[in-house]
Every structure is written in structure tokens, then in C-alpha cells.
Amino acid sequence: QVQLVESGGGLVQPGGSLRLSCAASGSFRRINAMGWYRQAPGEQRELVATEISGVGTNYADSVKGRFTISGDNSKNTVYLQMNSLQPEDTAVYYCNADVVLGGYARVNYWGQGTQVTVSS
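What comes next concerns the included structure. Only a predicted model underlies this, so the values are computations on that prediction, with no experimental measurement involved.

Now for the layout of surface pockets. To find the voids left in a structure, one rolls a probe of water-molecule size over its atoms. What the largest pocket holds in volume is close to 240 Å³. Looking at the largest pocket, it is lined by 15 residues, and the ones nearest its centre are Ile-31, Met-34, Glu-51, Ser-53 and Asn-73. Those elements that place two or more of their residues in the lining of the largest pocket are strand S4 (30-39), strand S5 (46-52), strand S7 (67-72) and strand S8 (77-82). Of all the elements, S4 adds the most residues to the lining of the largest pocket, at 5 residues.

Rendered as C-alpha cells:
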């Protein structure tokens, strides 16, 4: 099995910055992709940014130019640098990983989420 542990959420004022981290651990052959999603109360979970191995990155239009996804393959970790945060960015942010296990099964995993609150 694979575990995803997120960190870096918190309370920040509008215009501020946060850096989220997500570390994958457990037994697996490789990670095909990792990404960040967010969900505000009463709303559906939406994609924020993804990093697909050997392909590139993808961002929601609402965060382009403000958020940057990056990874450290040696640590099986993905980051989300969030700048110019606005109240509309307030949500629980979830890490996601598309993983190939030892038996070559492809499984999608979710972290438990980390709260990001942008408020004065």
C-alpha cells in the first residue's frame, strides 16, 4: 500500500504565500503522476495542478501564474508553491498519486488533506 502525507497548510492573509508538500511512502514500482486537488465546503473537488511523469504539468485556469507544482523524484515528494493567495483559494487541498504497485497494478491514492485558509 501507499500512503500520502500532506503538510504546509495553514492560515494566510490575502496576497500571502504557502508551500504544500506531499510525500509518498510504501511499496510501489513507480509513480505515474502526482497532483493537487482542492475542495471547498459544499462544492465538488477540483483539480488544481498535476505533474505527469515524462509529460509535463497542468494547471487550473484559476491558479495559472500564481501556483507552481514541482517534484523531487528521489524523495517521492510533490510540492505546490502558492503565491498571491486569495480568499477564493480557501479549501482543503488533497494530494493525489497515480501509482504502479509491485504486481503492476495501477492504483490511485489520496492524502487526508490539508486546510488552506486565506482570510484577513
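There is more to say after this.
Despite not being glycine, Asn-76 has its phi angle at roughly 50°, a positive value. Relative to the helices and strands, Asn-76 is located in the loop between S7 and S8. One non-glycine residue, Ser-84, lies in positive phi territory at about 50°. Judged by relative accessible area, Ser-84 falls into the partly exposed class, the value being 36%.

Going through the model one piece at a time under the given rule, you end up with 2 aromatic pairs. Residues Tyr-37 and Trp-110 carry aromatic rings whose centres are separated by 5.0 Å and whose planes lie at 65° to one another, so their mutual orientation is edge-to-face. Pair noted here: Tyr-37 is in strand S4 and Trp-110 is in strand S10 (residues 106-110), with a separation of 73 residues, a long-range link. Ring plane angle 85° and centroid distance 6.5 Å describe the contact between Tyr-94 and Trp-110, whose orientation is recorded as edge-to-face. Of this pair, Tyr-94 sits in strand S9 (residues 91-100) while Trp-110 sits in strand S10; the two residues are 16 residues apart in sequence, bridging distant segments of the chain. Under the relative-accessibility criterion, Trp-110 is labelled partly exposed at 39%. Site record: aromatic cluster; members linked through ring pairs are Tyr-37, Tyr-94 and Trp-110.

Scoring rules and cut-offs
- Residues numbered from 1 in each chain as written.
- Predicted model: local features only at pLDDT ≥ 70, side-chain atom pairs only at ≥ 80, totals over all residues.
- Heavy atoms only, no water.
- 1 Å grid on protein atoms, 1.4 Å probe; cavity = no way out; pocket = protein on both sides within 12 Å on 5 of 7 lines; lining within 4 Å.
- Points joined across faces, edges and corners; volume = space filled by probe spheres on them.
- Helix = DSSP H or I, 4+ residues; strand = E, 2+ residues; numbered from the N terminus.
- Buried < 20%, exposed > 50% of the residue type's maximum accessible area, 1.4 Å probe, protein only.
- Phe/Tyr/Trp six-rings, centres within 6.5 Å; stacked < 30°, edge-to-face > 60°.

On their own, these measurements won't tell you what the molecule is for.
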